[in-house]
Amino acid sequence: MRLTNKNNMNLRDLDDQQLVRLYRKDGDEQAFKTLLKRHESKIYSYIYSMVGNGETANDIFQETFTKVITKMDETYNEQGKWIAWVMRIAHNATIDYLRKKKRFVDVNSHQDPDYDFYDRLPDEGVVDAQRGIEKDEAKDSLIKHIGKLPKEQREVVMLRHYYEMSFKEIAEITDVSINTALGRMRYALINLRKMFEKENGKEVKFAERR
Amino acid sequence: MEKKSNLPNADDLCVEYVLNELDPSEVVLVERAMEKDMDLLIEIECLRRTLKKLESLPLRNPPANIHDAIIHHAVSHYHDNRRSLFPRWNNTTAMATATAVVFSVLISIVNFYPEDMELPKMIDQSSANESKAVNPWVDNNNILHINQSSQSSSNIENISAGNSDLQHSLQRLKLIDHSLPLSPDMRDIQLTRTSN
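Just so we're clear, the structure is a prediction, and the values are computed from it rather than from any experiment.

Asker: Is there a simple way to explain the overall build of chain A in this structure?
Answerer: Scanning chain A for helices and strands turns up nine helices and zero strands. N-terminal to C-terminal, the α/β element order of chain A is α-α-α-α-α-α-α-α-α. Looking at chain A as a whole, 34% of its 210 residues qualify as buried.

Pasting the structure below:
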């Protein structure tokens, strides 16, 4: 069974592409473990921040990696960044889930064009999401505010924050133009600022200007 | 307060500036505009502070059982894939196949090698026959030249012994006593037709 790394080379020093190659070619379990360990918390945090529920995040995370493992030979081109490819799968799985959930919740909803599913997320969900993540008050409030952002803005914030992705990469993953991705980031920051200022009881001065 | 409209596309530039997404020339442009425009400076500072808060966003790890399940799936998928690529290749079949191949090779050698050895002999004989084929020709003096060795001429006589017509024809030929300056191979038999 050739699943242990024979060499004493430090797998942590290898980049993603090299680890992927080791796994694909030799079935190197350690290489795959290193790859997963390197990215799992970011991917999981992204999914968790999008769905706001631990159980659902677990399911989507597992589904994402099931696809990663089974589709890697067919659809992953080693020229591209592995993590960008994985994030696209995670993003699509998350969006699929949110669409299904929105459809389910909105069956009898009104026709308000400004209506957003996230406005109707039950508070328990947000509280639930906060509870396990961090007890620190500032972090809780940050998570709560991010949970209130429209999902398009939230995904850009998360992709940027967790993966330091360029807006070109974010635009590709979310299937929008770079300007749209930038605009979403800008509105996300403005909205968050408003929320923090509101929370601190300060007057929102600049966010209302346009 | 002065409007920041002096800067073209100011909104996007502000965000790109705090996110370090601008090229150096645009950075200079924004920084010059900030010096002149207090609102722009405050706005950029607010965006920067908000962005700074995002840095405290915690990371969350997936549960250990899910991590392990994924690793297990990765390993089993790799093996399944290999098995599907080489479905019949387990140790027993590999040994059986190797044995069969060795036996086949041995049997081939035993059965076909002697024939292979005889083949060159046959080739030699046929090529010799070809090279010794009778090639007669008649010159201007009605002399029939048979470009053949003495052994071949005796062969012709042997053949003609069973054939009366050929024997009769041969009797009508007489051997000339002078030899032409021909090659040694051609000099063996030189026959000419009788005048009648």
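Asker: Quick question: what am I supposed to make of the overall build of chain B here?
Answerer: Summing up its helical and strand segments, chain B has seven helices and four strands in all. From first element to last, N terminus to C terminus, chain B shows the α and β order α-α-α-α-α-β-β-α-α-β-β. Considering chain B as a whole, with its 196 residues, one finds that 13% of them fall into the buried category. In chain B, once contacts between residues fewer than 6 apart in sequence are set aside, the share between residues at least 24 apart is 52%.

Asker: Would you take a moment to explain the environment of K151 of chain A for this structure?
Answerer: When you line up the elements, K151 of chain A lands in helix α7 (residues 151-163). The spacing of K151 of chain A and I95 of chain A is 56 residues in sequence and 9.0 Å in space, taken between C-alpha atoms.

Asker: I'm lost on the interface of chain A and chain B in this one. Help?
Answerer: Where interface size is given, it is often the accessible area lost as the parts come together that is meant. Taken together, the contact between chain A and chain B spans 36 residues of the former and 32 residues of the latter. At the level of elements, α2 (29-51), α3 (54-75), α6 (137-148), α7 and α9 (178-199) of chain A are the ones that each hand at least two residues to the side of chain A that touches chain B. No other element matches α2 of chain A, which puts ten residues into the side of chain A that touches chain B.

Asker: Hey, could you run me through the confidence of the model for chain B in this one?
Answerer: Low-pLDDT portions of the prediction should not be read for the details of their coordinates. Per-residue confidence for chain B gives a mean pLDDT of 72, with 60% of residues at or over 70. Scored as a whole, the predicted complex attains pTM 0.58, and scored at its interfaces, ipTM 0.71.

Asker: Sorry if this is basic, but what is going on with unusual backbone geometry here?
Answerer: Phi at D175 of chain A takes a positive value of approximately 60 degrees, unusual for a residue other than glycine. Tracing the backbone shows D175 of chain A in the loop between α8 (167-174) and α9. Look at N20 of chain B: it is not a glycine, yet its phi comes out positive at around 55 degrees. Considering the arrangement of structural elements, one finds N20 of chain B in the loop between α1 (10-18) and α2 (24-36). N20 of chain B sits in the exposed class, given 7 other C-beta atoms within 10 Å.

Asker: Can you help me understand the packing of α7 of chain A against α8 of chain A in this one?
Answerer: The axes of two packed helices give the description: the angle between them and the distance between them. All names here are of chain A. Close contact between α7 and α8 brings their axes to 10 Å; oriented N to C, the two are set at 130 degrees. One finds that α7 runs oblique with respect to α8. Here α7 runs over α8; the crossing is right-handed. Facing α7, whose interface residues are E155, V156, L159 and R160, α8 presents I170, I173 and T174. Its residues assigned to classes, the contact of α7 with α8 comprises four nonpolar, one polar and two charged.

Asker: Which parts of the structure should I look at to understand α8 of chain A?
Answerer: An α-helix turns once per 3.6 residues; consequently, residues spaced three or four apart project the same way. All names here are of chain A. Listing the buried residues of α8 in full gives F167, E169, I170 and I173. One side of α8 carries all its buried residues, which in axial view fall inside an arc of 155 degrees. In the stretch just after α8, D175 is the one whose phi turns positive, near 60 degrees.

Asker: When you look at the packing of α2 of chain A against α3 of chain A in this model, what are you seeing that I'm missing?
Answerer: Residue and element names in this part refer to chain A. Their axes nearest at 9 Å, the elements α2 and α3 cross at an angle of 135 degrees. Compared by their axis directions, α2 and α3 come out oblique. Pair α2 / α3 crosses with right-handed handedness. Of the residues in α3, those in contact with I43, Y44, I47, Y48 and V51 of α2 are G54, T56, A57, I60, F61 and T64. Taken together, the residues of the contact of α2 with α3 break down into eight nonpolar, three polar and no charged.

Asker: Could you clarify how one ought to interpret the environment of A90 of chain A in this entry?
Answerer: Residue and element names in this part refer to chain A. Tracing the backbone through its elements, the reader meets A90 in helix α4 (residues 82-105). For the pair formed by A90 and K67, sequence separation is 23 residues and the distance between their alpha carbons is 9.3 Å. Once residues lying within four places of it in the same chain are set aside, the contact partners of A90 are I43, Y46, I47 and T64.

Asker: Explain the confidence of the model for chain A here, please?
Answerer: All names here are of chain A. On average, residues of chain A score 78 in pLDDT, and 75% of them reach the 70 mark or higher. When the criterion is pLDDT under 50, residues 1-6 qualifies, and its contacts beyond four places in sequence or with other chains add up to eleven contacts. Scored below 50 in pLDDT, residues 106-122 makes twelve contacts in the model with residues more than four places away or belonging to other chains.

Criteria and cut-off values
- Residues numbered from 1 in each chain as written.
- Chains lettered and ligands numbered in written order.
- Predicted model: local features only at pLDDT ≥ 70, side-chain atom pairs only at ≥ 80, totals over all residues.
- Helix = DSSP H or I, 4+ residues; strand = E, 2+ residues; numbered from the N terminus.
- Buried ≥ 20, exposed ≤ 12 C-beta atoms within 10 Å, placed from the backbone.
- Contact = placed C-beta atoms within 7 Å.
- pLDDT = per-residue confidence, 0-100.
- Axes fitted to C-alpha atoms, helices over the stretch in contact; angles between N-to-C directions.
- Parallel < 35°, antiparallel > 145°, perpendicular 65-115°, else oblique.
- Left-handed = near helix turned anticlockwise from the far one by under 90°.
- Nonpolar A, V, L, I, M, F, W, Y, C, P; charged D, E, K, R; others polar.
- Arc of directions from axis to C-beta.

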